[in-house]
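# Chains, contacts and geometry: an overview
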Amino acid sequence: QVQLVESGGGLVQAGGSLRLSCAASTTIFSINDMDWYRQAPGKQRELVATITRGGSTNYADSVKGRFTISRDNYKNTVYLQMNSLKPEDTAVYSCYATITTTPGRVVSTWGQGTQVTVSS
């Protein structure tokens, strides 16, 4: 069963940057739409950014102008570039995607999550 694998989380000071990556664990046909979510302790999960297969993007108001979602369709990888990080960006970040594993077969799946901690 295909899974999504995130990487790039870590500890950074306020004002710093991190780039998260999300890729399929096995060979697939394509990643269709992908979302990045985050969940901070004691808070509800929040949709941070979305990118479609065609490259259209949307962002939560809280990250507009600071975060950029992008994709490399040849590598079947989606990225979340996070700049000007704030302590309130601290959360577990998870990707969620619809994937065409083979032509005609589409599944939806989550990544395991990666911790982002921003110190003040």
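This report concerns the structure included in the present document. Bear in mind that the values here come from a model prediction, so they are computed numbers and not experimental data.

Cut-offs used in this document
Residues numbered from 1 in each chain as written. Predicted model: local features only at pLDDT ≥ 70, side-chain atom pairs only at ≥ 80, totals over all residues. Heavy atoms only, no water. Pairing = 2+ DSSP bridges. Helix = DSSP H or I, 4+ residues; strand = E, 2+ residues; numbered from the N terminus. Axes fitted to C-alpha atoms, helices over the stretch in contact; angles between N-to-C directions. Core = buried A, V, L, I, M, F, W, Y, C linked by side-chain atoms within 4.5 Å. Buried < 20%, exposed > 50% of the residue type's maximum accessible area, 1.4 Å probe, protein only. Contact = heavy atoms within 4.5 Å.

## Digging into the sheet that holds strand S1 (residues 4–7)
Through backbone hydrogen bonds, the strands of a sheet pair up, either in parallel or in antiparallel fashion. Here four strands make up an open sheet; going across it, the order is S1-S3-S8-S7 and the pairing antiparallel. The open sheet has two edge strands with one neighbour each: S1 and strand S7 (67–72). This sheet shows a mean twist of 15° between the axes of neighbouring strands, independent of strand direction. Relative to strand S3 (residues 18–24), S1 runs antiparallel, the two sharing four bridges. Looking at S3, one finds that Ser7 is bridged to Ser21.

## With respect to the nonpolar core
Among the nonpolar cores identified, the biggest contains 31 residues, and Met34, Trp36, Phe67, Leu80, Met82, Tyr93 and Ile99 are the most heavily contacted of them. Within the residue set of this core, elements represented by two or more residues are S3, strand S4 (30–39), strand S5 (46–51), S7, strand S8 (77–82), strand S9 (91–102) and strand S11 (114–119). For this core, the leading source of residues is S9, giving five residues. The residues contacting Tyr93, other than those within four sequence positions of it, are Glu6, Leu20, Trp36, Tyr37, Arg38, Val48, Phe67, Leu80, Met82, Gly113, Thr114 and Val116.

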